[in-house]
Amino acid sequence: MDKQTILIVDDEKEIRDLIEIYLSNEGYETIKATNGVEALEVVEKNHVDLIILDIMMPKKDGIQACMELRKTKNMPVIMLSAKSQDMDKIMGLTSGADDYLTKPFNPLELIARVKSQLRRYYTLNSERPRNDNVLTLDDITININTREVKKGNDLIKLTKTEFDMLEYMTRNTGIVLSVEKIYENVWKEEFLESENTVMVHIRKLREKIEDDPRNPRYIKTVWGVGYKVEK
């Protein structure tokens with residue numbers, strides 16, 4: 001199998017070089033960029049499997065770059081930030097990132113998250129049964145093979161994580177799912193204080209599929225328990 005390519009975006013050379021060393025030791029190809037503008041140019045000209053994206057950068061920061069990227073691209077994005085407050089994490093995830101790591105970080109933890117995101121994006125998708133490739137939720141159609149979601153005839157653009165979340169919840173229509181259960185089945189990781197992560201992605205998903213996100217028709221909140229999808 002061809003080597004997977006990781007784009008490292010950070011305005012600090014030392015951090016770019018450090019991440020490159022660890023990724024190269026794991027067999028990944030790397031491309032480096034110093035700001036959001038360069039990152040978007042790289043993605044347009046090269047195949048990239050995953051992006052490690054710093055938030056605080058000149059010209060175009062990580063939040064802006066991620067939002068622009070999500071208009072057309074769906075590869076996993078892991079955000080890096082020196083800020084550790086919940087609102088900073090929420091902003092990063094809301095912009096379309098799939099994961100968030102606070103600086104200073106353990107490079108081995110970053111590598112573990114890279115592997116987890118790539119495994120979810122490629123390996124797990126390739127193992128989906130072929131005879132179960134279309135799910136429906138009233139007027140919403142979810143095509144597992146093409147990873148396309150349509151509401152009526154309108155195509156809805158979802159991030160990888162939003163798609164995985166919608167698929168998982170739709171496969172469990174009518175069942176109340178706890179935040180912990182959603183996280184562990186979508187992120188394929190142990191749930192460790194990740195309630196905000198799930199909440200942000202539920203909110204973004206509602207904004208895209210609901211006619212009135214404040215009065216959701218499909219994704220219902222079961223207060224004190226979790227969420228459930230209803231047809």
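Residues numbered from 1 in each chain as written. Predicted model: local features only at pLDDT ≥ 70, side-chain atom pairs only at ≥ 80, totals over all residues. Heavy atoms only, no water.

Some details on a nonpolar patch on the surface
Phase 1: A contiguous nonpolar patch, built from Leu18, Ile21, Tyr22 and Leu108 and spanning about 360 Å² of accessible area, is present on the exposed surface.
Phase 2: Among the elements that make up the nonpolar patch, the one with the highest residue count is helix α1 (residues 13–25) (3 residues).
Phase 3: By the element assignment, Leu18 lies in helix α1.
Phase 4: What makes Leu18 partly exposed here is its relative accessible area of 35%. (Patch = residues over 30% accessible without salt bridge, like charges linked within 9 Å, V, L, I, M, F, W, Y side chains within 5 Å. Areas by Shrake-Rupley, 256 points an atom, 1.4 Å probe, with all protein chains shown as cover. Salt bridge = Lys/Arg side-chain N within 4 Å of Asp/Glu carboxyl O. Helix = DSSP H or I, 4+ residues; strand = E, 2+ residues; numbered from the N terminus. Buried < 20%, exposed > 50% of the residue type's maximum accessible area, 1.4 Å probe, protein only.)

Quick notes on the UniProt feature "modified residue: 4-aspartylphosphate" (unreviewed entry) in the chain
Phase 1: Per the UniProt entry, the sites bearing "modified residue: 4-aspartylphosphate" (unreviewed entry) are Asp54 in this numbering.
Phase 2: Following the sequence through the fold, Asp54 ends up in strand β3 (residues 50–54).
Phase 3: Among residues more than four places away in sequence, those in contact with Asp54 are Val9, Asp10, Asp11, Gly62, Leu80, Ser81 and Lys103. (UniProt positions renumbered as here; feature names shortened; annotations may be inferred. Contact = heavy atoms within 4.5 Å.)

Brief notes about the side chain of Thr30
Phase 1: Relative to the assigned elements, Thr30 resides in strand β2 (residues 29–33).
Phase 2: Within the structure, the side chain of Thr30 is placed 3.2 Å from the side chain of Glu20, a separation counted as a polar contact.
Phase 3: Setting aside its immediate chain neighbours within four residues, Thr30 contacts Ile6, Ile8, Glu20, Leu23 and Ser24. (Polar contact = N/O pair within 3.5 Å; in protein donor to acceptor, adjacent residues only side chain to side chain.)

A short note on the packing of aromatic side chains
Phase 1: Across all of its chains, the model carries 1 aromatic pair by this definition.
Phase 2: Ring geometry for Tyr183 and Trp187: centres 4.9 Å apart, planes at 10°, overall stacked.
Phase 3: When its relative accessible area of 6% is taken as the criterion, Tyr183 is described as buried.
Phase 4: What makes Trp187 buried here is its relative accessible area of 1%. (Phe/Tyr/Trp six-rings, centres within 6.5 Å; stacked < 30°, edge-to-face > 60°.)

Quick notes on helix α7 (residues 179–186)
Helical geometry: 3.6 residues make up each α-helical turn, so side chains three or four residues apart lie on a common side.
Phase 1: Of the residues making up α7, those classed as buried are Val179, Ile182, Tyr183 and Val186. Buried residues along α7 cover an arc of 95° about the axis, so they all sit on one side.
Phase 2: Just beyond α7, the residue with positive phi is Lys188, at close to 60°. (Arc of directions from axis to C-beta.)

Observations regarding the pattern of salt bridges
Phase 1: Overall, the coordinates contain 18 salt bridges when judged by the stated rule.
Phase 2: Close ionic contact of Asp99 with Arg113 constitutes a salt bridge, the shortest N to O distance being 2.9 Å. Linking Asp99 in strand β5 (residues 99–102) with Arg113 in helix α5 (residues 107–126), this pair joins segments that are 14 residues apart in sequence.
Phase 3: Assessed through its relative accessible area of 9%, Asp99 is described here as buried.
Phase 4: Across the pair Glu109 and Arg113 runs a salt bridge, and its minimum N-O distance is 2.6 Å. Highlighted residues: Glu109 and Arg113, both in helix α5, separated by 4 residues, approximately one helical turn.
Phase 5: Under the relative-accessibility criterion, Glu109 is labelled partly exposed at 33%.

Brief notes about the sheet that holds strand β12 (residues 226–229)
The strands making up a sheet associate through hydrogen bonds between their backbones, and the pairing can be parallel or antiparallel.
Phase 1: Across the sheet, 3 strands lie side by side as β10-β12-β11; this open sheet has antiparallel pairing. The sheet is open, and its two edges are formed by β10 (177–178) and β11 (219–222), each paired on a single side.
Phase 2: Judged from the 4 bridges that link them, β11 and β12 form a sheet pairing that is antiparallel. In the strand pairing of β12, Lys220 is matched with Lys228.
Phase 3: Helix α6 (residues 160–171) rests against β10, β11 and β12 of the sheet, and its axis sits at about 75° to β12.
Phase 4: Sheet contacts for helix α8 (residues 195–209): β11 and β12; angle to β11, the most-contacted strand, approximately 145°. (Pairing = 2+ DSSP bridges. Axes fitted to C-alpha atoms, helices over the stretch in contact; angles between N-to-C directions.)

Re the nonpolar core
Phase 1: In this structure, Met165, Met169, Ile182, Val198 and Ile219 are the most contacted members of the largest nonpolar core, which totals 27 residues.
Phase 2: Of all the secondary-structure elements, those providing two or more residues to this core are β6 (134–137), β7 (140–143), α6, α7, α8 and β12.
Phase 3: Sorting elements by how many residues they give to this core places α6 first, with 5 residues.
Phase 4: In contact with Met169, not counting residues within four places along its chain, are Leu177, Ile182, Ile202, Ile219, Tyr227, Lys228 and Val229. (Core = buried A, V, L, I, M, F, W, Y, C linked by side-chain atoms within 4.5 Å.)

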